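Each chain is listed here by its residues.
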Amino acid sequence: MTPFWGPDFDELAETDPEIASVVLGELDRLRGGLQLVASENLTSPAVLAALGSTLTNKYAEGYPGRRYYGGCAQVDRAEQLGIDRARELFGAEHANLQPHSGASANLAAYAALVQPGDTVLAMELPHGGHLTHGSRVNFSGRWFDTVGYRVRRDTELIDYDEVRDLARAHRPKMIICGATAYPRLIDFARFREIADEVGAYLMVDAAHFIGLVAGRAIPSPVPYADVVCATTHKVLRGPRGGMILCRGSLAERIDKAVFPFTQGGPLMHAIAAKAVALREAASPRFRAYASQVVQNAQALAAALAAEGMRPVSGGTDTHLALLDLRAVGVTGRDAEARCEAAGITLNKNAIPYDPEKPMVASGIRVGTPSVTTQGMREPEMRRIGGLIARAVRTDPGRPGGTETLARLASEVAELVAAYPAYPRG
Ligand SMILES: *Cc1c(COP(=O)(O)O)cnc(C)c1O
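These numbers come from a predicted model, not from an experiment. (Residues numbered from 1 in each chain as written. Predicted model: local features only at pLDDT ≥ 70, side-chain atom pairs only at ≥ 80, totals over all residues. Heavy atoms only, no water.)

## Some thoughts on the packing of aromatic side chains
(1) Moving on: As enumerated under the stated definition, the model contains 9 aromatic pairs in all.
(2) Moving on: A centroid spacing of 6.1 Å and a plane angle of 35° characterise the contact between Phe 188 and Phe 209, whose relative ring orientation is tilted. With Phe 188 in helix H8 (residues 188–198) and Phe 209 in the loop between strand E8 (201–205) and helix H9 (210–214), the pair connects residues that are 21 residues apart, well separated along the chain. Exposure class is identical for Phe 188 and Phe 209. Each is buried.
(3) Moving on: A ring pair is formed by Phe 286 and Tyr 289, whose centres lie 4.9 Å apart and whose planes are at 55°; its orientation type is tilted. Remark: Tyr 289 and Phe 286 occur in helix H12 (residues 284–306); sequence separation between them is 3 residues, near one turn of the helix. Across the pair, Tyr 289 and Phe 286 agree in class, each one buried.
(4) Moving on: Joined through ring pairs, the aromatic side chains of Tyr 110, Phe 139, Trp 143 and Phe 144 make up one cluster.
(5) Moving on: Across from the ring centre of Tyr 353, 4.0 Å away, lies the NZ or CZ of Arg 153, which sits over that ring.
(6) Moving on: One cation-aromatic arrangement involves Arg 237 over Tyr 289; the distance from NZ or CZ to the ring centre is 4.1 Å. (Phe/Tyr/Trp six-rings, centres within 6.5 Å; stacked < 30°, edge-to-face > 60°. Helix = DSSP H or I, 4+ residues; strand = E, 2+ residues; numbered from the N terminus. Buried < 20%, exposed > 50% of the residue type's maximum accessible area, 1.4 Å probe, protein only. Lys NZ or Arg CZ within 6 Å of the ring centre and 35° of its normal.)

## Topic: the domain arrangement of the chain
(1) Moving on: If you check the domain split of the chain, you get domain 1 (54–281) and domain 2 (284–417).
(2) Moving on: If you average the C-alpha positions of domain 1 and of domain 2, the two centres end up 28 Å apart.
(3) Moving on: Contact with domain 1, which involves 28 residues of that partner, is made by 27 residues of domain 2.
(4) Moving on: Taking both partners together, domain 1 and domain 2 bury about 2400 Å²; carbon and sulfur atoms supply 58% of that area.
(5) Moving on: The greatest single-element share of the side of domain 1 that touches domain 2, amounting to 3 residues, is contributed by H9.
(6) Moving on: Residue composition of the side of domain 1 that touches domain 2, grouped by class: 14 nonpolar, 6 polar and 8 charged. (Domains from an automatic or database assignment. Contact = heavy atoms within 4.5 Å. Buried area = accessible area lost by both parts, 1.4 Å probe. Nonpolar A, V, L, I, M, F, W, Y, C, P; charged D, E, K, R; others polar.)

## Details of the site of the ligand
(1) Moving on: In the vicinity of the ligand lie 13 residues, with Gly 102, Ala 103, Asp 205, His 208 and Lys 234 positioned nearest.
(2) Moving on: The contact in question runs from an oxygen atom of the ligand to an N or O atom on the backbone of Gly 102, over 2.9 Å.
(3) Moving on: Computed on the free molecule, the ligand has an accessible area of 380 Å², of which 85% lies beneath the protein chains in the complex.
(4) Moving on: Among the elements that make up the shell around the ligand, the one with the highest residue count is helix H5 (residues 102–113) (3 residues). (Near = heavy atom within 4 Å. Polar contact = N/O pair within 3.5 Å; in protein donor to acceptor, adjacent residues only side chain to side chain. Areas by Shrake-Rupley, 256 points an atom, 1.4 Å probe, with all protein chains shown as cover.)

## Concerning the pairing of strand E9 (residues 227–231)
(1) Moving on: Of all 5 residues in E9, 5 are buried; the element is thus mostly enclosed.
(2) Moving on: Residues of E9 alternate between two faces, with Val 227, Cys 229 and Thr 231 on one and Val 228 and Ala 230 on the opposite face, all of them buried.
(3) Moving on: Judged from the 3 bridges that link them, E8 and E9 form a sheet pairing that is parallel. Residue Val 204 lies in a different strand from E9, and its bridge partner there is Val 228.
(4) Moving on: Of the pairings in the sheet, the one linking E9 to strand E10 (residues 242–246) comprises 5 bridges and is antiparallel in character. (Pairing = 2+ DSSP bridges.)

## Observations concerning helix H15 (residues 378–392)
In an α-helix, one full turn covers 3.6 residues, which means residues spaced three or four apart are oriented alike.
(1) Moving on: An ideal rise of 1.5 Å per residue puts 21 Å on 15 residues; H15 measures up with 21 Å between its terminal C-alpha atoms.
(2) Moving on: All of the buried residues along H15 are Glu 380, Met 381, Ile 384, Gly 385, Gly 386, Leu 387, Ile 388, Ala 389, Ala 391 and Val 392. (Expected span 1.5 Å × (residues − 1).)

## Things to note about helix H2 (residues 17–32)
(1) Moving on: Taking 1.5 Å per residue as the helical rise, H2 with its 16 residues ought to reach 22 Å, and the 22 Å between its terminal C-alpha atoms agrees with that figure.
(2) Moving on: Along H2, the positions that sit buried rather than exposed are Ala 20, Leu 30 and Arg 31. The buried residues of H2 occupy an angular sector of 100° when projected down its axis, which confines them to one face. For H2, the exposed residues lying more than 90 degrees away from the buried face are Glu 18, Val 22 and Asp 28.
(3) Moving on: On its buried side, H2 packs onto helix H1 (9–15), strand E1 (34–35) and helix H16 (401–417). (Arc of directions from axis to C-beta.)

## Thoughts on unusual backbone geometry
Among all residues save glycine, negative phi is the norm, and among peptide bonds the norm is trans.
(1) Moving on: Going from Phe 259 to Pro 260, the amide bond is cis rather than trans, its omega being 10°.
(2) Moving on: Although it is not a glycine, Tyr 353 sits at a positive phi angle of roughly 60°.
(3) Moving on: With respect to the helices and strands, the residue Tyr 353 is situated in the loop between strand E14 (347–349) and strand E15 (363–367).
(4) Moving on: Tyr 353 sits in the partly exposed class, given a relative accessible area of 25%.
(5) Moving on: A positive phi angle, close to 65°, is found at Ala 361, a residue other than glycine.

## Brief notes about the sheet that holds strand E6 (residues 145–149)
(1) Moving on: A sheet is described by the order of its strands in space; here 7 strands give the open sequence E4-E10-E9-E8-E7-E5-E6, paired in mixed fashion. The outermost strands of the open sheet, each flanked by one partner alone, are strand E4 (94–96) and E6. Sheet twist, expressed as the average angle between the axes of neighbouring strands with direction ignored, equals 20°.
(2) Moving on: By the bridge criterion, 5 bridges tie strand E5 (residues 119–123) to E6 in an arrangement that is parallel. Residue pairing across strands places Leu 121 opposite Val 147, the latter belonging to E6. (Axes fitted to C-alpha atoms, helices over the stretch in contact; angles between N-to-C directions.)

## Brief notes about the nonpolar core
(1) Moving on: In terms of nonpolar packing, the biggest core is built from 57 residues, with Phe 90, Ile 175, Phe 191, Met 243 and Leu 245 touching the most fellow members.
(2) Moving on: Here this core spans two domains, since at least three of its residues come from each of domain 1 (54–281) and domain 2 (284–417).
(3) Moving on: One finds Leu 34, Leu 325, Ile 364 and Ala 391 within the second-largest nonpolar core, a separate group that totals 33 residues. (Core = buried A, V, L, I, M, F, W, Y, C linked by side-chain atoms within 4.5 Å.)

## Focus: the side chain of Asn 296
(1) Moving on: Secondary-structure assignment places Asn 296 in helix H12.
(2) Moving on: Apart from residues no more than four positions distant in its own chain, Asn 296 is found in contact with Thr 368, Thr 372, Met 376, Arg 377, Glu 378 and Met 381.

Here it is in structure tokens:
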């Protein structure tokens, strides 16, 4: 048996003390504070070991058994294991694990299904959509004629009647659902019905919630979508990267759209790490984690609501909540900065029909994947809700404000010390 040659920190510290100090500093940051960014998580040591392996060296353009380079027998095994695990876990006819990121997966899906100039119907960014769903600063808005749907003003839920009306009026070639800041379940069957009525492809961008699908905590889009795009690093807890699931009839078009159309050589170390994450995601432990992620998000949203922060749409069915801070009289931008000073990392976020500019925003977004991975449960969510509320209400410009935020940061440090990220030995 060949001994594993793994990442050696001493080697890094000797070769590049500056980057070594960044790596240690980041570990301290993770261990010392609360990570509530909804798109982040803490990967397992097994995933990190695959990521830090010599598989990063291999050129393997093509797909298992059909490569442009020799020496691919080992990496072929890794990619095939990953593909088989993804197909099995999600009940998908085909899987492609090569997209370098969620945005790259989306680019490939556009390339496979539509032509530049075609009409695409997707959720507007300020209502929870993603940059790749038609933003003017992204290829999607520049190369495609995108039409946006919104959430209703009264319920803050997707307005399916508007989606249907827009689809009938604009006859899109592709409809996209799946969002970055939408806390509720999406009615995939309803989207399928609308897509069928106008002859459009249905692409589900499951970047955020594919991990909840893997853990059976929410319904799967796979039976309804032509193509499902996802990331592997959000709730799914794998390495940073993308993934595409699709019907068998689209397999060849998707594979060719990823390579050679939009990408070159695959990141074999990342693909191996994706395979590890998919194996972990098939375990009963992962199911328990996924359902706890949702319960934690619900507990956190309720705790923040009790503090006067209104959960958009009234609550959450997923791993994230969006809070409207207008009643508290603090902008999203200020809330984010105050929480950061208190050791709580979260992000400002536009709320539907937000009167503020995006860089200011009236809301914040919180997510529970990381804290759930660390083992926290509902009682900790209630404590975190109180800590966020005190931080948000503390103006560092007022006398004593900075001291209060520093005191909160030490309370946060004390809480997380009981649930350490990457516990030592
Ligand atoms: C995160 C996200 C993406 C992009 O993923 P990256 O890996 O950051 O490129 C795409 N779509 C949605 C809905 C997302 O939430």
